[in-house]
Amino acid sequence: MSSTELPGTRAAALAPRIRAVRVAEGEELRSVALPGLTLTVRARPPASSGLPTALFVHGLGGSSQNWTALMRHLEDTVDGEAVDLPGFGDSPPPDDGDYSVTAHARAVIRLLDARGRGPVHLIANSLGGAVSTRVAAVRPDLVRTLTLVSPALPELRAQRSAWPTAAMALPGAAPLLRRLTKDWTPEMRVRGVLALCYGDPGRVTDQAFLHAVEEMERRLELPYFWDAMTRSARGVVDAYTLGGQHGLWRQAERVLAPTLLVYGGRDQLVAYRMAGKAAAAFRASRLLTLPDAGHVAMMEYPETVAEAVRDLVDDIGRS
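We now turn to the structure provided with this report. Note that the structure is predicted; figures quoted are calculated from it, not measured. (Residues numbered from 1 in each chain as written. Predicted model: local features only at pLDDT ≥ 70, side-chain atom pairs only at ≥ 80, totals over all residues. Heavy atoms only, no water.)

Per the secondary structure count, the chain includes 12 helices and 8 strands. The 319 residues of the chain split such that 52% are buried. Approximately 13,900 Å² of the chain is accessible, and the part contributed by carbon and sulfur atoms is 53%. (Helix = DSSP H or I, 4+ residues; strand = E, 2+ residues; numbered from the N terminus. Buried < 20%, exposed > 50% of the residue type's maximum accessible area, 1.4 Å probe, protein only. Areas by Shrake-Rupley, 256 points an atom, 1.4 Å probe, with all protein chains shown as cover.)

Here you go:
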């Protein structure tokens, strides 16, 4: 057993390992085998023992790498792990091919139950925000606090800039997207993602851009890449249409955990105007708005987001 493998887990050998996933200095990758799926977890050892546990959940098309900067800034506050949702990052697809928000939430719940790390400070972005809202609503025993960065919660009037992402949910979208973008280089794809997700793509360093291109090259070699993307996008759209007790806004109202909401003023995927509705829906919420941030504030302004998370964690610890 390797030094990074936990008892009860096994090496991630199920995914086509075209090339190695990038691991930043100080991080470890662990593979957790569960019935029907295998999840890769990115861990950063805490600065001291006895810190409260945290789990980070990425958005559509993202991975645990999206949390590297924030985890580094919070290593003195939480014992943090970031999960690759099924079919993303280094986690292979689920055996049942289910990429719905409920299935992703079930994967997070099963991971937390198997690891026995709950209740955790649950920190999530975009699709991960919808997933984590559902987790916090149905399993309050697993969530100590909830931090949502641009959560993908239903909007009646989505921004036009978000329409192409929603279009991925349409039947036949995967082969169509492959045909339309077959001549795009990894560099072109990354620049497009940065333009969509960052308030100011100029904040991305040259080194970070090269790392993103390497990751894009790796993902495009995975035979299930487009399937995971389109099915997960469809899962978000389906979740938006649910009403009653299963609706995401209804579940937001049921969340008991103190909640930090982070919204970017330049977000092209989740409208800034939704910040007020979210603050009203989550009963014990505090709101951080970043006028110059886009959709991934934890990557754009990790120090500022970390400070807000630290305040939340410290307040809960004192109470």
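Still more to cover.
All of the buried residues in helix 10 (residues 274-281) are Met274, Ala275, Ala278 and Ala281. Projection of helix 10 onto a plane perpendicular to its axis shows the buried side chains occupying an angular sector of 130°, all on one side. Buried residues along helix 10 sit in contact with helix 9 (248-254), strand 7 (259-264) and strand 8 (285-290). (Arc of directions from axis to C-beta. Contact = heavy atoms within 4.5 Å.)

In this structure, Arg219 sits in helix 7 (residues 206-220). Of the residues examined, Arg219 reaches a relative accessible area of 13% and is grouped as buried. When residues no more than four places from it in sequence are discounted, the contact partners of Arg219 are Gly61, Gly62, Ser63 and Phe225.

A sheet is described by the order of its strands in space; here 8 strands give the open sequence 1-2-4-3-5-6-7-8, paired in mixed fashion. One side of each edge strand has no neighbouring strand; the edge strands of this open sheet are strand 1 (28-34) and strand 8. Along the sheet, successive strands turn relative to each other by an average axial angle of 20°, direction set aside. Of the strand pairs in this sheet, strand 5 (residues 120-125) and strand 6 (residues 143-149) are connected by 6 bridges, and their pairing is parallel. Within the sheet, the bridge partner assigned to Ala124 lies in strand 6 and is Leu148. (Pairing = 2+ DSSP bridges. Axes fitted to C-alpha atoms, helices over the stretch in contact; angles between N-to-C directions.)

Moving on, we get to empty space enclosed by the protein. Applying the stated rule across the entire model yields 2 cavities of 30 Å³ or more. What the largest cavity holds in volume is close to 60 Å³. Taken together, Gly87, Phe88, Gly89, Arg218, Arg219, Leu222, Phe225, Ala228 and Met229 form the lining of the largest cavity. For the lining of the largest cavity, the elements supplying multiple residues, two or more each, are helix 7 and helix 8 (225-241). Of all the elements, helix 8 adds the most residues to the lining of the largest cavity, at 3 residues. In terms of residue class, the lining of the largest cavity is built from 5 nonpolar, 2 polar and 2 charged. The space that makes up the second largest cavity amounts to roughly 30 Å³. Taken together, the residues of the lining of the second largest cavity sort by class into 4 nonpolar, 1 polar and 2 charged. (1 Å grid on protein atoms, 1.4 Å probe; cavity = no way out; pocket = protein on both sides within 12 Å on 5 of 7 lines; lining within 4 Å. Points joined across faces, edges and corners; volume = space filled by probe spheres on them. Nonpolar A, V, L, I, M, F, W, Y, C, P; charged D, E, K, R; others polar.)

This next bit is on the pairing of strand 7. A large share of strand 7 lies buried, amounting to 6 of its 6 residues. The alternating pattern of strand 7 places Thr259, Leu261 and Tyr263 and Leu260, Val262 and Gly264 on opposite faces, both of which are buried. Relative to strand 7, strand 6 is paired through 4 bridges, and the arrangement is parallel. Bridge pairing links Leu148 to Leu261 in strand 7. When strand 7 meets strand 8, the two strands line up parallel, connected through 6 bridges. What sits directly across from Val262, in strand 8, is Leu288. Traced from strand 7 through helix 10 to strand 8, the parallel crossover comes out right-handed. (Right-handed = clockwise from strand over helix to strand, strands pointing away.)

Taken as a whole and assessed by the stated rule, the structure comprises 17 salt bridges. Asp76 is the partner of Arg310 in a salt bridge, and the nearest nitrogen-oxygen pair spans 3.7 Å. Taken together, the residues Arg310 in helix 12 (residues 302-318) and Asp76 in the loop between helix 1 (68-73) and strand 4 (79-83) connect sequence positions 234 residues apart. Judged by relative accessible area, Arg310 falls into the partly exposed class, the value being 23%. The class of Asp76 is partly exposed, set by a relative accessible area of 47%. Notably, a salt bridge pairs Asp79 with Arg117, separated by 3.7 Å at the nearest N-O pair. Pair noted here: Asp79 is in strand 4 and Arg117 is in the loop between helix 2 (101-115) and strand 5, with a separation of 38 residues, a long-range link. For Asp79, a relative accessible area of 21% gives the class partly exposed. One salt-bridge network, held together by shared partners, links Glu28, Arg30, Asp79, Glu81, Arg115 and Arg117. (Salt bridge = Lys/Arg side-chain N within 4 Å of Asp/Glu carboxyl O.)

Let's shift gears to the packing of helix 2 against helix 3 (residues 127-138). The N-to-C vectors of helix 2 and helix 3 enclose an angle of 65°; their axes lie 9 Å apart at closest approach. Judged by the sense of rotation from one axis to the other, the crossing of helix 2 with helix 3 is right-handed. In this structure, helix 2 uses Val101, Thr102, His104, Ala105, Val108 and Ile109 to contact helix 3, whose residues at the interface are Leu127, Ala130, Val131, Arg134, Val135 and Val138. Among the residues making up the contact of helix 2 with helix 3, the classes are represented as 9 nonpolar, 2 polar and 1 charged. (Left-handed = near helix turned anticlockwise from the far one by under 90°.)

Two elements in contact, helix 6 (residues 186-197) and helix 7, have axes separated by 9 Å at closest approach and are oriented at 115°. When the axis of helix 6 is compared with that of helix 7, the two are roughly perpendicular. Crossing hand, helix 6 versus helix 7: right-handed. The segment helix 6 lies against helix 7, with Pro186, Glu187, Arg189, Val190, Arg191, Val193 and Leu194 engaging Phe209, Ala212, Val213, Met216, Glu217 and Leu220. Among the residues forming the contact of helix 6 with helix 7, the class breakdown is 9 nonpolar, no polar and 4 charged. (Parallel < 35°, antiparallel > 145°, perpendicular 65-115°, else oblique.)

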